[in-house]
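# Structural overview
This is what each chain is made of:
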Amino acid sequence: MVTRLGKNDRRLSFRYEAGPCGYGLQRLLTGARHERVVVAPSLIPIKTGDRIKTDRRDATTLAKLHRAGELTAIWVPDLAH
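Residues numbered from 1 in each chain as written. Predicted model: local features only at pLDDT ≥ 70, side-chain atom pairs only at ≥ 80, totals over all residues. Heavy atoms only, no water.

## Here we look at the layout of surface pockets
Size it by volume and the largest pocket reaches roughly 270 Å³. Taken together, S13, F14, R15, Y16, E17, D55, D58, A59, L62, A63 and H66 form the lining of the largest pocket. Elements with a contribution of two residues or more to the lining of the largest pocket: β1 (13–17) and α3 (55–68). Sorting elements by how many residues they give to the lining of the largest pocket places α3 first, with 6 residues. Of the residues belonging to the lining of the largest pocket, the class tally is 5 nonpolar, 2 polar and 4 charged. (1 Å grid on protein atoms, 1.4 Å probe; cavity = no way out; pocket = protein on both sides within 12 Å on 5 of 7 lines; lining within 4 Å. Points joined across faces, edges and corners; volume = space filled by probe spheres on them. Helix = DSSP H or I, 4+ residues; strand = E, 2+ residues; numbered from the N terminus. Nonpolar A, V, L, I, M, F, W, Y, C, P; charged D, E, K, R; others polar.)

Quick look at the structure:
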């Protein structure tokens with residue numbers, strides 16, 4: 001999907017929550033020269049009463065918070081660490 005969306009040298013921007021698969025994905029996207037930010041779930045601002053979690057809702061929330069500049073990136077260890 002990254003190859004298809006990034007054709008014609010289009011630069012993509014990714015934001016996602018840290019998780020068990022996130023570091024491998026981060027390294028893959030770094031190698032493809034796309035912008036990426038890994039965010040700690042505990043640092044994502046949430047509205048009071050917003051308890052329903054779905055992938056679509058999470059993606060929309062991350063996109064809105066990114067656009068507003070309200071996401072805090074975390075340090076991602078490299079292979080040596």
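Here the narrative resumes, following the displayed structure.
## Let's talk about the nonpolar core
Side chains that are nonpolar tend, in soluble globular proteins, to be buried together. Membership of the largest hydrophobic core is limited to 6 residues, which are V37, V39, I44, L62, L65 and L71. Secondary structure elements with two or more residues in this core: β2 (35–39) and α3. Setting aside residues no more than four positions away along its own chain, I44 makes contact with E17, V39, L62, L65 and L71. (Core = buried A, V, L, I, M, F, W, Y, C linked by side-chain atoms within 4.5 Å. Buried < 20%, exposed > 50% of the residue type's maximum accessible area, 1.4 Å probe, protein only. Contact = heavy atoms within 4.5 Å.)

## Considerations on unusual backbone geometry
The backbone phi angle of N8 is positive, close to 65°, even though this residue is not glycine. Following the sequence through the fold, N8 ends up in the loop between α1 (2–5) and β1. Phi angles above zero are rare outside glycine, and D9 is one such case at about 60°. Relative to the elements of secondary structure, D9 occurs in the loop between α1 and β1.

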